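In case you want the letters, here they are:
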Amino acid sequence: METPYNFRKTTTVQELIDAHNSLEDGTGSGTTVSIAGRMMLRRDQGKIAFGVLQDGTGRIQLFAPTKVTPDFEKFVALNLGDWLGITGEVMKTKRGELSVKVEEWVVLAATQRPFPDKWHGISDPDTRYRQRYVDLWVTEEARKTFVLRSRLLSLTRKWLEDKSFMEVETPVFHPIPGGALAKPFETHHNALDIELYLRIAPELYLKRLVVGGFEKVFEIARVFRNEGLSSRHNPEFTMLELYEAYADWEDIMKLSENLIEYLAIELTGSPVVSFDGKELNLSAPWKRTPMVELIKEHTNEEVSLEMPIEDLQSLCNKLDIEFESEYGPGKLILEIYEKTVEPNLWDPCFVTEYPKEVSPLSRDHRAKPGFTERFEGIVAGREILNGFSELVDPNEQMDRFKEQIQKSESGDEEAMGLDSDYVRALEFGLPPTGGIGIGIDRLVMLLADVQTIRDVVLFPTLRPEQ
RNA sequence: GCCUCCGUAGCCAAGUCUGGUAAGGCAGCGGACUUUUAAUCCGAAGAUCGUGGGUUCGAAUCCCACCGGAGGUACCA
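Observations regarding the confidence of the model for chain A
Then comes step 1: Of the residues in chain A, 100% have a pLDDT of 70 or more, and the chain-wide mean is 94.
Then comes step 2: Here helix H3 (residues 125-130) stands out as the element of chain A with the lowest mean pLDDT, 88, in contrast to strand S7 (residues 166-167), whose mean of 98 is the highest.

Quick notes on the protein's contact with RNA strand B
Then comes step 1: The environment of RNA strand B is made up of 52 residues, and the closest members are Arg95, Asp117, His233, Arg442 and Arg463.
Then comes step 2: Considering the 4 Å shell around the protein, atoms of RNA strand B inside it are sugar or phosphate in 57% of instances.
Then comes step 3: Lys118 places a side-chain nitrogen or oxygen 2.6 Å from a phosphate oxygen of RNA strand B.
Then comes step 4: For the surface near RNA strand B, the secondary structure elements donating two or more residues are strand S1 (28-44), strand S2 (48-55), strand S3 (58-65), H3 and helix H10 (329-340).
Then comes step 5: Of the residues forming the surface near RNA strand B, the biggest block, 4 residues, is contributed by S1.
Then comes step 6: Counted by class, the surface near RNA strand B contains 16 nonpolar, 13 polar and 23 charged residues.

Concerning the environment of Thr111
Then comes step 1: Structurally, Thr111 can be placed in the loop between strand S6 (104-109) and H3.
Then comes step 2: The exposure class assigned to Thr111 is buried, which follows from its relative accessible area of 19%.
Then comes step 3: Spatially, the C-alpha atoms of Thr111 and Gly81 are 5.8 Å apart, while their sequence positions differ by 30 residues.
Then comes step 4: Excluding residues within four positions of it along the chain, Thr111 makes contact with Asn79, Leu80, Gly81 and Asp82.
Then comes step 5: A distance of 2.7 Å separates a polar side-chain atom of Thr111 from the backbone oxygen of Arg113.

Reading guide: rules and limits
Residues numbered from 1 in each chain as written. Chains lettered and ligands numbered in written order. Predicted model: local features only at pLDDT ≥ 70, side-chain atom pairs only at ≥ 80, totals over all residues. Heavy atoms only, no water. pLDDT = per-residue confidence, 0-100. Helix = DSSP H or I, 4+ residues; strand = E, 2+ residues; numbered from the N terminus. Near = heavy atom within 4 Å. Polar contact = N/O pair within 3.5 Å; in protein donor to acceptor, adjacent residues only side chain to side chain. Nonpolar A, V, L, I, M, F, W, Y, C, P; charged D, E, K, R; others polar. Buried < 20%, exposed > 50% of the residue type's maximum accessible area, 1.4 Å probe, protein only. Contact = heavy atoms within 4.5 Å.

Pasting the structure below:
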């Protein structure tokens, strides 16, 4: 079927509704518009037909009487899902439905496949994720969620730029995966004949940029981790990382809670959102509590880095927490926290003072030996951000890398590799710096009130069909 | 990776426990109807019951394997 190469529409459905909604029932506006979109519903009445056209902004009724609409029989034979260009007067029917009178019409694309049930839409999640192009047309919630995601990214950029942060792009291919503890995807560059890894975090490159004199940088980075899939994990996901020279973790906590409060207000109208049927108050400031205090609160057990490791191990046994024999006290305390505290933290909270053993890029706590100035932001039992005063001492960083190498050699697939160029960068001097990574997908889940990451990723990773 | 559940026409979906040869609706097709709102009404049609094997006179239904998905769990953000 021959279809036009373009169509000049004069307005969108939403603009049209806004401009003419006050029209009186059963009257014409005298205004002629051209609109385009997809036919979602049709009701034929013999000598008159009604349709519903949907574009990217909304739905509007089409009013097609025999005497007005050319090729009336063909118009009535259109299929649900066909793309149409419509020109005619804006009017309101006797029943008060704002409509466009179909005075001219053209098929912009005919659908060759039947559209899903006009009432039930698609319920099979498999079909929704594989054929997102259909889902977006028939599932309003899906459309809203992805619009929210887009606005969140846009608002985040604007907010950070207003604070003089500069957006940068760093490599996706890393010769040494770093910046997080995770299994990377591997690939190969033919011309250079080298192994490369898809980044698991942009962190180390961003801090190199601070060394280079970009004092406030951020990247909205797609990162890749070769791990299991779940309702909270997609192999590729989006992380906002930012670094601010001369700032410490306190500054970064303030910045994070302010950003998230701002996004909640802009996107939902209120800092108090509804999530999973419960109220969630994202207003700054968030509570700040050291990890060991939270463990005390939730288990009534005292833990410390100084206590005999056997005591920590037996506590793990008592709490039914699995551990490996090579775990040090810091890792054991982290395990206890993650199993007993994290899932039970509903209101936004900064968990502070992470053990040094599990924080190879964080700066030592200025007062508490063995701990770092690292925090995670937990909301609704989920970790959505992770930040710290950055480790700036190249010698200390080298020691921490060496510990990672030992872990790697003893079989830890997620240990960091030694990035000696990063250490060289630190040798040129990294000023005091605070940084953070925010899981954008999880933040979108919170603000859109959806329970699975597949509902905030347009094309989630799935097994190929067949 | 492991455990549990699910897979019936383009879409929604009954039937599976208690085996007897696939209900209904939407969409599509033919027809009626000049202000409908998931329009309604009449008619005809549309199904390798995820795939393969097994049990049985007989399998959508019971058993096994595989494929795909969901939830949970492990690793992790």
